[in-house]
Amino acid sequence: MAQPQGAHLVGSVNYDDAETTIRTAAEVLGGHLRRIPDGEVGPRFHWILFQPDVLAEAEGIERVGDHPIPVKMLDARPVRIADGVDPATIEFPPLGYTAAAIESYALFRRLREEGAVPAGVRFQVSLPTPLAVVGAFFPAEQRAAIEPVYRAAMYRELDEILAAIPHDDLAIQWDNAVEFQLIEQVEYRGKPAVEPWWGDDLWAGLVARSAEQADLVPADVEVGFHLCYGDVAEKHFVEPADAANLVRFANGLFEASGRSITWLHLPVPIERDDEAYYAPLAGLALPEGTELYLGLIHREDGAAGAAGRIETALRYAPVFGVATECGIGRAPAGTTEEILTTHAEVATAW
């Protein structure tokens, strides 16, 4: 059987510090990786769950509920614009992504100078889309007003990262998850389905936002997209029926963006080794030079399970690399290195 080529780490990795993440990824996967993230350590361990703590520091923003909802060091309560406050006057503090990227890049560069990281591998910074934070933490009636304010804050973070890290060392990944809650229109954990706040054209609004985010990244910086169905307690918010909506989103992005997309990552549920899930991949208009990664590696069944999914996927996507379906930051302690090793077992190096 033909093998996939290359591997991709989505972002979060279940180690306590960035040095362990970078060293281990480079040691285990080496020539399989074209970029390495810092593992989203510290308060970023649960993707965007740390953002309400940051946003609540802004004058005019208040927490919803009287009692904190503790998740490790975080308070998971959502936020809202206080009554009588004009959203346009709100000034968010630094969101935390720039500071984390600068600190971890210095470590990445030192490890490369020591020979622990191969030459030519880039430092990957994963960023949530502004829509994700707004859709997850603000009430529905406030999202249209606060989105441009938060978007400006996130774009400032991006600009600062671009200014601080050499472009030939940098790769930016945009994480799209709440977008697929909008697409699938499902209730999640007792919360009603997220509705679009920009009118009736759901797909046009989603694609336009992602194309803008791609185009903000200069051509000499790599840019990729992680399309996601969530990963709370290692579970999707809904299992995709097949890859059709993922393909539709990606094709819209490819058409709308003014620059080339370096890579695309798509999730694959563990139980899907049937042709029905992968058949829509035949319609993926992947541009020449864009890397495709399928998130078909799962810790529960390792290389053997991945092999079955790979065999089916190759019928519809003859060239792709491998990944997990989301980050592995919430995987059980002690399983991370085995998950990384599985990537190398089922794919060839570049």
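Residues numbered from 1 in each chain as written. Predicted model: local features only at pLDDT ≥ 70, side-chain atom pairs only at ≥ 80, totals over all residues. Heavy atoms only, no water.

### Some words on unusual backbone geometry
The test is simple: Each helix is a run of DSSP H or I of at least 4 residues and each strand a run of E of at least 2, with the numbering of both proceeding from the N terminus. Accessible area is worked out with a 1.4 Å probe on protein chains only. A residue is then buried under 20% of its type maximum, exposed over 50%, and partly exposed in between.
Phi is positive for W47, close to 55°, though the residue is something other than glycine. Its place among the elements puts W47 in the loop between β1 (35–36) and α2 (51–55). Of note in the backbone geometry, K72 takes a positive phi value of approximately 55° without being a glycine. Along the chain, K72 turns up in the loop between β3 (70–71) and β4 (74–75). We classify K72 as exposed; its relative accessible area is 68%.

### Here's the deal with helix α11 (residues 336–346)
Basically, it comes down to this: Relevant arc is that of directions from the helix axis to the C-beta atoms, nothing else. We call two residues in contact whenever any of their non-hydrogen atoms come within 4.5 Å of each other.
Taken as a whole, α11 has its buried residues at T336, I339, L340, T342, H343 and V346. Considered in projection along α11, the buried side chains sweep an arc of 150° and stay on one side of the axis. Where α11 is buried, its residues contact α1 (18–29), β10 (291–297), α10 (302–313) and β11 (321–324).

### Looking at the side chain of E222
Among the secondary structure elements, E222 is positioned in strand β8 (residues 222–227). Residues within four places of E222 in sequence aside, it is in contact with R35, R122, L170, A171, I172, V217, R259, T262 and W263.

### Re the pattern of salt bridges
The line we're drawing: The rule for a salt bridge is simple: a side-chain nitrogen of Lys or Arg has to be within 4 Å of a carboxyl oxygen of Asp or Glu.
In the structure shown here, the tally under the stated rule is 21 salt bridges. For R110, the salt bridge is made with E114, and the minimal N-O distance between the two is 2.8 Å. The class of E114 is partly exposed, set by a relative accessible area of 46%. Each of R34, R35, R122, E222 and E291 takes part in a single network of salt bridges with overlapping partners.

### Details of the sheet that holds strand β9 (residues 263–267)
In plain terms, the rule: Think of it this way: DSSP has to see at least two bridges between two strands before they count as a pair. All axes are obtained by fitting lines to C-alpha atoms, using only the stretch in contact for helices, and the reported angles, taken between N-to-C directions, cover 0 to 180 degrees.
Strands sit in the order β1-β6-β7-β8-β9-β10-β11 across an open sheet of seven strands; the sheet is parallel. Because the sheet does not close on itself, it has two edges, and the strands there are β1 and β11. Across the sheet, α10 lies against β10 and β11, angled at about 140° from β10, the strand it touches most.

### Considerations on the side chain of R143
Under the convention used in this document: Only four residue types enter the tally: Lys and Arg on the positive side, Asp and Glu on the negative side; His and the chain ends are excluded.
By secondary structure assignment, the location of R143 is in helix α5 (residues 143–164). Lacking a salt bridge, the buried R143 has E141 as its closest oppositely charged neighbour, with an N-O distance of 7.4 Å. Discounting residues that sit within four places of it in the chain, R143 has contacts with V134, G135, F138, V194, E195 and W197.

### Here's the deal with helix α4 (residues 130–137)
With seven of eight residues buried, α4 is to be regarded as a mostly interior element. Along α4, the residues that are buried comprise P130, L131, A132, V133, V134, G135 and F137.

### Describing the packing of aromatic side chains
Worth spelling out the cut-off: Here is the rule: rings of Phe, Tyr and Trp (six-membered ring for Trp) pair when centre to centre is within 6.5 Å. Planes less than 30 degrees apart are stacked, more than 60 are edge-to-face, and the remainder are tilted. Charges are assigned to positions over rings by a cutoff of 6 Å between ring centre and Lys NZ or Arg CZ, combined with an angular limit of 35 degrees from the ring normal.
A complete count under the given rule lists nine aromatic pairs for this structure. Geometrically, the ring pair formed by Y105 and F108 is stacked, given 6.3 Å between the ring centres and 25° between the ring planes. Residue Y105 and its partner F108 are located together in helix α3 (residues 97–113), separated by three residues, close to a single helical turn. Both residues of the pair, Y105 and F108, belong to the buried class. When the centroid spacing of 5.1 Å and the interplanar angle of 80° are considered together, the rings of W197 and W198 count as edge-to-face. Owing to a relative accessible area of 22%, W198 belongs among the partly exposed residues under this scheme. Counting every residue linked through ring pairs, the aromatic cluster contains Y105, F108 and F123. Positioned above the aromatic ring of W350 is the side chain of R34, whose terminal nitrogen or guanidinium carbon lies 3.5 Å from the ring centre.

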